[in-house]
Amino acid sequence: GIQVEQSPPDLILQEGANSTLRCNFSDSVNNLQWFHQNPWGQLINLFYIPSGTKQNGRLSATTVATERYSLLYISSSQTTDSGVYFCAVGRVYNQGEKLIFGQGTELSVKP
Amino acid sequence: NAGVTQTPKFRILKIGQSMTLQCTQDMNHNYMYWYRQDPGMGLKLIYYSVGAGITDKGEVPNGYNVSRSTTEDFPLRLELAAPSQTSVYFCASSSTSGSSYEQYFGPGTRLTVT
């Protein structure tokens, strides 16, 4: 099956710093999503980005499908950005589509 | 739209007990999914459904059953609960209209089996 690797596994930032999170995957995909899991466990959709670049406020993401990686950029980080960031990829089969999750990057933003 | 809702939020079960985790979506999505998340890990797919009356196993189906009698509801049944089923359970849904396969997740159910 598809393998998903995220790096780094942990990241500590000072408030206001920028960061880049990486997601590598082992095969072609139809779906790539980035999620933020907040300290209360809620999964928040950040981007649906199987290819190309998107931006939403201080966050942006780029997926280079041909090279099988995606990057999540966080600029001017805030303490509310703390939590775990997951990359998940999927392929559409005959029935349904299954997301494969990476292990996550745990981000801690210090005031 | 409420999106994807799950009940209960928390539950403690004794070994051998059974329970049903409820999931409802109001987005008229045809695809629905159940995932579990163990501590410090990503999510793993338990079961999924492509429409009413159609379900299939995911990566970790043992110990669980599902049914899909309506588009909106996708309950997950645990029979004979075991400590290994202690986890956080997430339900998700997606639509295949257009070209987007984006999945939307519920708030989760935290289950402890003791």
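The structure displayed is predicted, hence computed values, not measured ones.

1. Regarding the interface of chain A and chain B
Contact with chain A, which involves 19 residues of that partner, is made by 20 residues of chain B. For the pair chain A and chain B, the two sides together bury roughly 1,800 Å², of which 56% comes from carbon and sulfur. At the junction of chain A and chain B, the tally comes to zero salt bridges. The set of elements that each furnish at least two residues to the side of chain A that touches chain B consists of strand S4 (31-37), strand S5 (43-48), strand S9 (83-92) and strand S10 (97-101) of chain A. Here the side of chain A that touches chain B is built from residues that sort into seven nonpolar, ten polar and two charged.

2. Quick look at the sheet that holds strand S3 (residues 19-25) of chain B
Residues and elements named next belong to chain B. The sheet built from four strands is open, its strands ordered S1-S3-S8-S7 with antiparallel pairing. What marks the edges here is a single partner per strand, and that holds for strand S1 (4-7) and strand S7 (64-66). Neighbour to neighbour, the strand axes of the sheet diverge by 20° on average, direction disregarded. Bridging between S1 and S3 involves four bridges; their strand directions are antiparallel. Residue pairing across strands places Thr5 opposite Thr24, the latter belonging to S3.

3. Describing the packing of aromatic side chains
Under the defined criterion, the tally for this structure stands at eight aromatic pairs over all chains. Ring centres of Phe101(A) and Phe105(B) lie 6.0 Å apart, and the angle between their planes is 85°; this geometry places the pair in the edge-to-face category. Separated into two different chains, Phe101(A) in strand S10 and Phe105(B) in strand S10 (residues 103-105) make up a pair that spans both. According to the relative accessible area criterion, Phe101(A) is buried, its value standing at 6%. Residue classification places Phe105(B) among the buried positions, given a relative accessible area of 11%. Ring pairing ties together the aromatic residues Phe35(A), Phe86(A), Phe101(A), Tyr33(B), Tyr35(B) and Phe105(B), which thus form one cluster. Above the ring of Tyr69(A), the side-chain terminus of Arg22(A) is found at 4.2 Å from the ring centroid.

4. Details of the pattern of salt bridges
Residue and element names in this part refer to chain A. Counting across every chain of the model gives three salt bridges over all chains. The partner of Asp81 in a salt bridge is Arg58, and the shortest N-O contact between them spans 2.9 Å. You can see Asp81 sitting in the loop between strand S8 (69-74) and S9 and its partner Arg58 sitting in the loop between strand S6 (52-56) and strand S7 (59-64), a full 23 residues away along the chain.

5. What to know about the environment of Arg36(B)
All names here are of chain B. Take Arg36: it is sitting in strand S4 (residues 31-37). Between the C-alpha atom of Arg36 and that of Val4, which follows or precedes it by 32 residues, the distance is 16 Å. In this structure, Arg36 is in contact with Gly42, Leu43, Lys44, Ile46, Val60, Tyr64, Ser84, Gln85, Thr86, Ser87, Val88 and Tyr89, ignoring residues within four places of it in sequence. At a separation of 2.8 Å, a polar atom in the side chain of Arg36 contacts the side chain of Tyr64. Of note is the side chain of Arg36, whose polar atom sits 2.7 Å from the backbone oxygen of Ser84.

6. Some words on the state of the cysteines
Residues and elements named next belong to chain A. Scanning the entire structure with this criterion turns up two disulfides over all chains. A disulfide bridge connects Cys23 with Cys87, and the sulfur atoms are separated by 2.0 Å. Disulfide Cys23 to Cys87: torsion about the S-S bond roughly -60°, handedness left-handed. Here Cys23 is found in strand S3 (residues 19-25), whereas its partner Cys87 is found in strand S9, with 64 residues between them in sequence. Overall, the relative accessible area of 0% leaves Cys23 in the buried class.

Conventions used here
- Residues numbered from 1 in each chain as written.
- Chains lettered and ligands numbered in written order.
- Predicted model: local features only at pLDDT ≥ 70, side-chain atom pairs only at ≥ 80, totals over all residues.
- Heavy atoms only, no water.
- Contact = heavy atoms within 4.5 Å.
- Buried area = accessible area lost by both parts, 1.4 Å probe.
- Salt bridge = Lys/Arg side-chain N within 4 Å of Asp/Glu carboxyl O.
- Helix = DSSP H or I, 4+ residues; strand = E, 2+ residues; numbered from the N terminus.
- Nonpolar A, V, L, I, M, F, W, Y, C, P; charged D, E, K, R; others polar.
- Pairing = 2+ DSSP bridges.
- Axes fitted to C-alpha atoms, helices over the stretch in contact; angles between N-to-C directions.
- Phe/Tyr/Trp six-rings, centres within 6.5 Å; stacked < 30°, edge-to-face > 60°.
- Buried < 20%, exposed > 50% of the residue type's maximum accessible area, 1.4 Å probe, protein only.
- Lys NZ or Arg CZ within 6 Å of the ring centre and 35° of its normal.
- Polar contact = N/O pair within 3.5 Å; in protein donor to acceptor, adjacent residues only side chain to side chain.
- Disulfide = S-S within 2.5 Å.

All we've got here are geometric facts, nothing functional implied.
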